[in-house]
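Residue-level structural notes
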Amino acid sequence: MKRLLLIMNPNAGQKNGKRYLADILEIFRRADYMPTAFMTVGTGDAFTLAKEHAADAQLVVCVGGDGTFNEVTAGVVESGVDVPIGYIPCGSTNDFATSLKLSKNILQAARDIVDGTPKTYDIGQFGKRYFSYVASFGAFTRASYATPQNLKNALGHLAYILEGIKDLPNIRPIHMRIETADRVFEDDYIFGAICNSTSLGGVLTLSPDAVNMNDGLFELLLIKYPYTAAELNDCIRCLQEKKYDSPTITLHSTDRLTIHCSTAVDWTLDGEYECGHALVEAVNRHNAFRLITNQ
Ligand SMILES: [Mg+2]
């Protein structure tokens, strides 16, 4: 029998993973897998389990949301073991799964892993941590990203707030100097994201032709702090029209970034909080892991 390492976050989303655990195990049993199954008991647990046990498995399956998937892929990458990963998405946000067109039906997702084939994907290294689809900072990063619906609406929400308040009393500019492989950006920003996904909360939607999740490149999105009414109007219009190349909004592809800030800035990695940094190095690790898809 083939050895399966299954890591489930039992509290993800509506707890459907837990509800269907027996059915999931039966699907893998029929495909001749012998499971070792772990329920995570806290933040960081999925990472540790994946890192420590990946070497004993021929397949690692993650059952949870984007945060659990982030930890499992990071753990497998850190283990240095080239074992394929299967993802059964059942969290409250499943942005990465949406980008990958994975089934949201738990049992179908399990069957797709059994029948699918592994493809290689990039991962973002952010200091000592990793992100699968987005690292972001700025307006609402800390408060809004704690709630999934606000993550979904982050940029739309931003446009709405900017429209409403005009004088920006609650949003502080963040001065940054960002060095990419071929360009340097320096300005005051309200929001920025390093993406490796066609969908950021379904709001920042980039063309699949423009984004390749395995091309060794990130898409860097920067929104300047609008100091004038003209800049504010330009910013709102571009966010609403999803036009990401303007005097206030920058979209640029790069394989690495060094970000210098005048003060420590909080980030989120795949929706999970990352405490403040004044200096950040992000590198796209090309072909970092193999994920099973049914396409
Ligand atoms: Mg890419």
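As for the pattern of salt bridges
Where charged atoms from two side chains of opposite charge come close, those side chains can pair. What the rule picks out here adds up to nine salt bridges. The closest approach of N and O atoms between R30 and E26, which form a salt bridge, is 2.9 Å. Residue R30 and its partner E26 are located together in helix α2 (residues 21–30), separated by four residues, close to a single helical turn. Here E274 makes a salt bridge to R129, at a shortest N to O gap of 2.4 Å. Here E274 is found in strand β15 (residues 272–293), whereas its partner R129 is found in strand β6 (residues 129–131), with 145 residues between them in sequence. Taking the relative accessible area as the measure of exposure, E274 reaches 12% and is therefore buried. The class for R129 is partly exposed, based on a relative accessible area of 29%. One salt-bridge network, held together by shared partners, links R177, E179 and E186.

Looking at α2
Those residues of α2 not exposed but buried are I24, I27 and F28. Burial along α2 is one-sided: seen end-on, the buried residues are contained in an arc of 95°. Residues of α2 that are exposed and angled more than 90 degrees away from the buried face: A22, R29 and R30. If you follow the buried residues of α2, they end up packed against β1 (2–8), α1 (16–19), β2 (33–39), β3 (59–64), β4 (85–89) and α6 (106–115). Looking one or two residues beyond α2, the residue adopting positive phi is D32, at roughly 70°.

Remarks on the packing of α2 against α6
For the pair α2 and α6, interaxial distance at closest approach is 10 Å and the crossing angle is 20°. With respect to each other, α2 and α6 are oriented roughly parallel. Every pair of crossing elements has a handedness; the one defined by α2 and α6 is right-handed. When α2 is examined against α6, the residues D23, I24, I27 and F28 are found in contact with a partner set consisting of I106, L107, A110, R111, I113 and V114. Grouping the amino acids of the contact of α2 with α6 by side-chain chemistry returns eight nonpolar, no polar and two charged.

Conventions used here
Residues numbered from 1 in each chain as written. Predicted model: local features only at pLDDT ≥ 70, side-chain atom pairs only at ≥ 80, totals over all residues. Heavy atoms only, no water. Salt bridge = Lys/Arg side-chain N within 4 Å of Asp/Glu carboxyl O. Helix = DSSP H or I, 4+ residues; strand = E, 2+ residues; numbered from the N terminus. Buried < 20%, exposed > 50% of the residue type's maximum accessible area, 1.4 Å probe, protein only. Arc of directions from axis to C-beta. Contact = heavy atoms within 4.5 Å. Axes fitted to C-alpha atoms, helices over the stretch in contact; angles between N-to-C directions. Parallel < 35°, antiparallel > 145°, perpendicular 65-115°, else oblique. Left-handed = near helix turned anticlockwise from the far one by under 90°. Nonpolar A, V, L, I, M, F, W, Y, C, P; charged D, E, K, R; others polar.

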